[in-house]
Amino acid sequence: MNIYDFDETIYDSDSTKDFYFYCLKKYPKILLSVPIMAWTFFLYILGVKTKTQFKEKMYRFLTYVPDIDSALNDFWNVNEHKVKSWYKDRQKDDDIIISASPEFLLKPICERLGIKNLMASKVDKHTGLYDGENCWGEEKVKRLYEKFPNAKCEEFYSDSLSDTPLAELADKAMIIRGNELIEWNEYKPSKLKMFLSREFLSFLIVGGINTVSNVIFSTIYSLFIPNTTLAFFPGYITSNVVSYLLNSKLTFKERLGFVKFIKFFISYIPNFIIQTIIVWLFDNFIHGPSVIAYAIAAIIGVPVTFVFMKIFTFKKND
C-alpha cells in the first residue's frame, strides 16, 4: 500500500487554512474567535500550550457555522480542483491518507476521490473539540498500526520532514515540493526554515523580553556608571541571565545546567561584539540618549544569536 499526507502533498494548499478563510467570508462572526485564538497561539509559541490545545481554540470558529455539512460540500465544490493531477495518475485502491487536518474536513473529498482509507485528527465539526491527539509526527505511525497492525508501506509521500517517522517505514519515500517529487534522503531543506520554526518565534518573544530587560538594566547601571559603553556591560550580562532561564525553559525545552550556561554566554559573543560596537559608535559619534543606543543594539544580531544558540548551546543529537 502507498501512504500520503494530504495538505501541500496531494492537495495544493493547506485545506484547514482554505476552509477557515472560506467560512470567514461567509460568516464574519468568526472574527469573534480571533482574540482567544491569537492568545493561545502566543502561548503555544512559548511552549505553554500544546499544538492540540492551540488548534482546539482555532477550531472554535466552527461554532459560528450554522450548517457545517452544507459548508463542507460548497467548500469542496470550489476547491476540489486543487487535488494534484500527479496523485490522480498514481492513485490506487488501497491508498491511505494520513493527515493532521480534521477528519470531518477531509472525509468528503476522500469520498469524491474514491479514497477508502483516511486517518486524520478527530475533531468535532460543531464544537472544534479534539477526541485524542493531533494526528502529527509519531502520532501518525500510532494511528497507522492501530488500524493496520501488519501494514507494509511501499511508497510514502509528504511535504514535511515532520513525517519522517512514517517515511522510515516505507520502502520508498518522497518529499513533495509543488508538483516536484524528491527522494526523501536527497532532499536538502532550506536553512531559512530554521527562522520559520516555533523555536525561532519563541526565541523572538524571549528576545523581546531580553531587549526590554537589557535596556532597563543598562539604563539603571548608567545612573551609577557615567560612561554609556561601560554601563552597557553589566546590563548586558544581567539581561542574558534572564534570557538563559527563559530560553532553556520555553524555547529549547532543556534542563538548566552549568555547562549549557557557559555555552549560552559563548553563543552570545558575536551578538555582544555587534552590540558593543553599535553602542560605542552611538556614544562617540551620534551622542543621542543612551536608552536609544541600548535599544538599537539589543535588536540587531538576533538571527546570528539564534543560529549560534541552536547549533552550539541547545543542539539536540539525532
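Notes on the structure follow. (Residues numbered from 1 in each chain as written. Predicted model: local features only at pLDDT ≥ 70, side-chain atom pairs only at ≥ 80, totals over all residues. Heavy atoms only, no water.)

## Some words on a nonpolar patch on the surface
- A contiguous nonpolar surface patch, about 1100 Å² in accessible area, is contributed by F258, V259, I262, I266, I269, I273, I277, W280, L281, F285 and I286.
- Sorting the residues of the nonpolar patch by element identifies α11 (258-267) and α12 (269-286) as the ones contributing at least two each.
- Examined against the element boundaries, I286 turns out to sit in helix α12. (Patch = residues over 30% accessible without salt bridge, like charges linked within 9 Å, V, L, I, M, F, W, Y side chains within 5 Å. Areas by Shrake-Rupley, 256 points an atom, 1.4 Å probe, with all protein chains shown as cover. Salt bridge = Lys/Arg side-chain N within 4 Å of Asp/Glu carboxyl O. Helix = DSSP H or I, 4+ residues; strand = E, 2+ residues; numbered from the N terminus.)

## Considering the sheet that holds strand β3 (residues 117-121)
- Overall, mixed pairing links the six strands, which are arranged β3-β2-β1-β4-β5-β6 in an open sheet. Looking along the sheet, the strands with just one partner apiece sit at the ends: β3 and β6 (180-183). The sheet shows a mean angle of 20° between the axes of neighbouring strands, direction not considered.
- As defined by bridge partners, strand β1 (residues 2-4) adjoins strand β2 (residues 96-102) across two bridges and the pair is classed as parallel. Its bridge partner lying in β2, I3 is registered against I96.
- Contacting β1, β2 and β3, helix α7 (residues 138-147) runs over the sheet at an angle of about 140° to β3. (Pairing = 2+ DSSP bridges. Axes fitted to C-alpha atoms, helices over the stretch in contact; angles between N-to-C directions. Contact = heavy atoms within 4.5 Å.)

## A word on the nonpolar core
- Formed by 43 residues in total, the largest nonpolar core has its most connected members in F19 and F61.
- Residue assignment for this core shows that the elements contributing at least two residues are α1 (15-26), α2 (34-45), α3 (51-58), α4 (68-79), α5 (85-90), α6 (103-113), β3 and β5 (172-177).
- In terms of residues, this core owes the most to one element, α6, which gives six residues.
- Here F61 is in contact with F19, Y20, C23, I30 and S33, once residues within four sequence places are set aside.
- With 18 residues, the next largest nonpolar core counts I96, L144, A151 and C153 among its residues. (Core = buried A, V, L, I, M, F, W, Y, C linked by side-chain atoms within 4.5 Å. Buried < 20%, exposed > 50% of the residue type's maximum accessible area, 1.4 Å probe, protein only.)

## Some thoughts on the side chain of S99
- Within the secondary structure layout, S99 lies in strand β2.
- The exposure class of S99 is buried, given its relative accessible area of 1%.
- At 3.0 Å, the side chain of S99 forms a polar contact with the backbone nitrogen of S101.
- Ignoring any residue separated from it by four or fewer positions in sequence, one finds S99 in contact with D5, F6, D7, L106, M119, A120, S121, C135 and K140. (Polar contact = N/O pair within 3.5 Å; in protein donor to acceptor, adjacent residues only side chain to side chain.)

## Quick notes on the pattern of salt bridges
- This model, assessed by the stated rule, comprises 10 salt bridges.
- One salt bridge connects E103 with K122, and the closest N-O pair in it is separated by 3.4 Å. Taken as a pair, E103 in helix α6 and K122 in the loop between β3 and α7 lie far apart in primary sequence, 19 residues in all.
- Across the pair K140 and D163 runs a salt bridge whose closest N-O atoms are separated by 3.0 Å. Separated by 23 residues along the polypeptide, K140 in helix α7 and D163 in the loop between β4 (155-158) and α8 (164-167) bring together distant segments of the chain.
- According to the relative accessible area criterion, D163 is buried, its value standing at 3%.
- Overlapping salt bridges, with partners in common, bring together D5, K140 and D163 in one network.

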